[in-house]
Amino acid sequence: MMKKAFILVVTVMAALFIFNELWMKKEEAIWLDPPGRYVEVDGHKMHIYSEGEGEHTIVFMSAWGDTSPYANFLPLCKDLSAYAKVVIIERFGYGLSDTVDGERTFDKILEEDREGLAKAGIKGPFVLCPHSISGLEATLWAQRYPSEVEGIVAMDTSIASMRDVYEKQGFNIQIPIFIFLQKTGILRVINGIPKNETDKMVTAISCRNEVNKNVISENKHIVEACDEIDKNPLPTVPTIQYVSKQAGDAYPKWITGHQAIADASVDGKCIMLDCGHYVYKFEEKRIAGDIKEFIESINSV
């Protein structure tokens, strides 16, 4: 009985693996026709999407491990493109951008993203809209190149004052589990049947490239980025610091740390939202409206 069960499991796993490989081959066309445009940075392709025109340029920056920053931020992009130029940047290892060699320090990520925007002909100053881990990159950006950043709308972002928490978290046990599901094809079954073209793209990325060496390496450099930020004063650019109640309840330093960033700003607000970590999905219309008011107020600061 045990032998038959074993043979059945092996047969099903082999079938899932082959099924997944065939689909990945078919999905290669998605990378050939991206919704945005590719620019070359250090010999690799970076995917950048933009739409709209206006006096201000909003740049959305994604959380750690996001499958498709483009798909995640597209609703907000549509909401705001009538008022400003809106950009979604997919750093290396994310979305349709290439996966590259080398350590993914936040210094390296910042310089690559700046170069990518420049090569796409997208000029600052920028209103940076980071979510989660990319808040560290946005803070470094404002510290090192203040003339390039006219404001920051931080959506439940990682902050340097949480350094001790990040240091204790260490290795994410979910990573090898996810990689197993991805490589065996089980993840494709879990994802289900895509509902539209965007879902097809997200599924293709998830089943091929979501947890890759760039994403893993980036996670290892969080503490280092916190130390870099702590070497200099907090940015003084206008800011909205959104914090989720979920994160605030879990970590008391989360609220005080974001409030400190708002207090350092020439025009800062710290706003608690009664929702989970992906605040821009739970409170899309609220945040879109606030960003519109924010960019309208920048020139008067």
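Residues numbered from 1 in each chain as written. Predicted model: local features only at pLDDT ≥ 70, side-chain atom pairs only at ≥ 80, totals over all residues. Heavy atoms only, no water.

**Some remarks on the overall build of the protein chain**
Heads up, the condition is: Per the convention used, a helix needs a DSSP run of H or I reaching at least four residues, while a strand needs a run of E reaching at least two, with both numbered from the N terminus. Here the radius of gyration uses the C-alpha set of atoms, whereas the globule reference equals 2.2 Å times the residue count to the power 0.38. For each residue, the accessible area found with a 1.4 Å probe, counting protein chains only, is set against the maximum for its type, and the residue is called buried under 20%, exposed over 50%, and partly exposed in between. A contact between two residues is defined here by any heavy atoms of the two lying within 4.5 Å. To be clear on the numbers: accessible area is Shrake-Rupley with a 1.4 Å probe, and residue cover counts the displayed protein chains and nothing else. Counted as positive: Lys and Arg. Counted as negative: Asp and Glu, with His and the chain ends omitted from the count. Lys charges are placed at NZ, Arg charges at CZ, Asp charges at CG and Glu charges at CD.
Assigned secondary structure in the protein chain consists of 14 helices and eight strands. Taking 301 residues into account, the globule formula puts the C-alpha radius of gyration at 19 Å, and the protein chain, at 20 Å, falls close to it. The principal-axis extents of the C-alpha atoms in the protein chain amount to approximately 75 × 40 × 35 Å. Buried positions account for 51% of the 301 residues belonging to the protein chain. For the protein chain, the share of sequence-separated contacts (at least 6 apart) that also reach a separation of at least 24 residues comes to 79%. A total accessible area of about 14,300 Å² is found for the protein chain, and carbon and sulfur atoms account for 58% of it. Across the protein chain, the 32 positively charged side chains and the 43 negatively charged ones have centroids separated by 7 Å.

**Observations regarding the pattern of salt bridges**
Heads up, the condition is: Salt-bridge detection follows one rule: a side-chain nitrogen of Lys or Arg within 4 Å of a carboxyl oxygen of Asp or Glu.
One pass over the structure, following the stated rule, counts 23 salt bridges. Between Lys78 and Glu51 there is a salt bridge, and its shortest N-O distance comes to 3.0 Å. Of this pair, Lys78 sits in helix H2 (residues 69-80) while Glu51 sits in strand E2 (residues 44-51), and the two are 27 residues apart along the sequence. Linked through salt bridges whose partners overlap, the residues forming this network are Asp107, Arg144, Glu228 and Lys231.

**A short note on the layout of surface pockets**
Operational definition: Only protein atoms enter the 1 Å grid used here. Points where a 1.4 Å probe fits but cannot escape make up a cavity, open sets with protein on both sides within 12 Å along at least five of seven lines make up a pocket, and a residue lines them when an atom lies within 4 Å of a point. Grid points are joined across faces, edges and corners, and a volume is the space filled by probe spheres set on the points.
Its volume calculated, the second largest pocket comes out at about 490 Å³. Listed by contribution, the elements that provide at least two residues to the lining of the second largest pocket are helix H1 (2-32), helix H7 (186-191) and helix H8 (197-209). Residue contributions to the lining of the second largest pocket peak at six residues, all from H1.

**A few points about helix H3 (residues 106-119)**
Filter applied, for reference: Helices are assigned an expected span. That span is 1.5 Å times one less than the residue count. By construction, the arc corresponds to the directions joining the helix axis to the C-beta atoms.
Between its terminal C-alpha atoms H3 stretches 20 Å, which fits the 20 Å expected from 14 residues at 1.5 Å a residue. Residues of H3 that are buried: Phe106, Ile109, Leu110, Glu112, Asp113, Gly116 and Leu117. Along the axis of H3, the buried positions cluster into a sector of 170 degrees, meaning they face one direction only. Once H3 ends, the next one or two residues include Gly121, with phi positive near 75 degrees.

**Quick word on the sheet that holds strand E5 (residues 126-130)**
Worth spelling out the cut-off: Paired strands, as defined in this entry, are two strands with at least two bridges between them according to DSSP. Note on definitions: angles span 0 to 180 degrees between N-to-C directions of axes, and those axes are lines fitted to C-alpha atoms, for helices only across the stretch in contact.
Spatially, E1-E2-E4-E3-E5-E6-E7-E8 is the arrangement adopted by the eight strands of the open sheet, whose pairing is mixed. Strand pairing shows two members of the sheet lacking a second neighbour, strand E1 (37-41) and strand E8 (268-273), which therefore form its edges. Averaged over all pairs of adjacent strands, the angle between their axes in this sheet comes to 25 degrees, without regard to strand direction. With five bridges connecting them, E1 and E2 associate as antiparallel partners. If you follow Arg37 over to E2, its bridge partner there is Ile48. Taken strand by strand, H3 contacts E1, E2, strand E3 (57-61), strand E4 (85-90) and E5, and its axis lies near 125 degrees from that of E1. Against the sheet, helix H12 (residues 252-264) makes contact with strand E7 (239-244) and E8, and its axis sits at roughly 175 degrees relative to E7, the strand it touches most.

**Overview of the packing of helix H4 (residues 134-144) against helix H10 (residues 222-230)**
As a reminder of what qualifies: Roughly parallel covers angles under 35 degrees, roughly antiparallel covers those over 145, roughly perpendicular covers 65 to 115, and oblique covers all other angles. Crossing handedness: left-handed means the near helix sits turned counterclockwise from the far one by under a right angle, and right-handed means the same turn made clockwise.
Two elements in contact, H4 and H10, have axes whose closest approach is 10 Å; the angle formed by their N-to-C orientations is 30 degrees. One element, H4, and the other, H10, form an angle in the roughly parallel class. Once H4 is placed against H10, the crossing between them reads as left-handed. Two secondary-structure elements touch here, H4 through Leu136, Thr139, Leu140, Gln143 and Arg144 and H10 through Ile222, Ala225, Cys226, Glu228 and Ile229.

**So, the nonpolar core**
Where a protein is soluble and globular, its nonpolar side chains tend to be buried together. This is how it is decided: Residues grouped as a nonpolar core are buried Ala, Val, Leu, Ile, Met, Phe, Trp, Tyr and Cys residues, joined through side-chain atoms within 4.5 Å.
Ranked by internal contacts, the top residues of the largest apolar core, which has 41 residues, are Ile48, Val59, Leu117, Leu128 and Trp141. Filtering out sequence-adjacent residues up to four positions away, Val59 remains in contact with Val87, Ile89, Leu117, Phe126, Val127, Leu128 and Cys129. Ranked by size, the runner-up nonpolar core spans 35 residues in total, among them Leu76, Val127, Ala288 and Phe294.

**Some thoughts on the environment of Leu32**
Relative to the helices and strands, Leu32 is located in helix H1. With a relative accessible area of 72%, Leu32 lands in the exposed category. A sequence separation of 64 residues divides Leu32 from Leu96, and the C-alpha atoms of the two residues are 9.5 Å apart.

**A few points about empty space enclosed by the protein**
Scanning the entire structure with this criterion turns up one cavity of 30 Å³ or more. For the largest cavity, the calculated volume is near 120 Å³. Along its surface, the largest cavity is lined by 15 residues, and Gly135, Thr139, Ile152, Gln241 and Ile261 are the ones closest to its centre. Put simply, the parts of the chain that give the lining of the largest cavity at least two residues each are H4, strand E6 (149-155) and E7.

**Describing the environment of Gly121**
Relative to the assigned elements, Gly121 resides in the loop between H3 and E5. Spatially, the C-alpha atom of Gly121 lies 9.9 Å from that of Val39, the residues being 82 residues apart in sequence.

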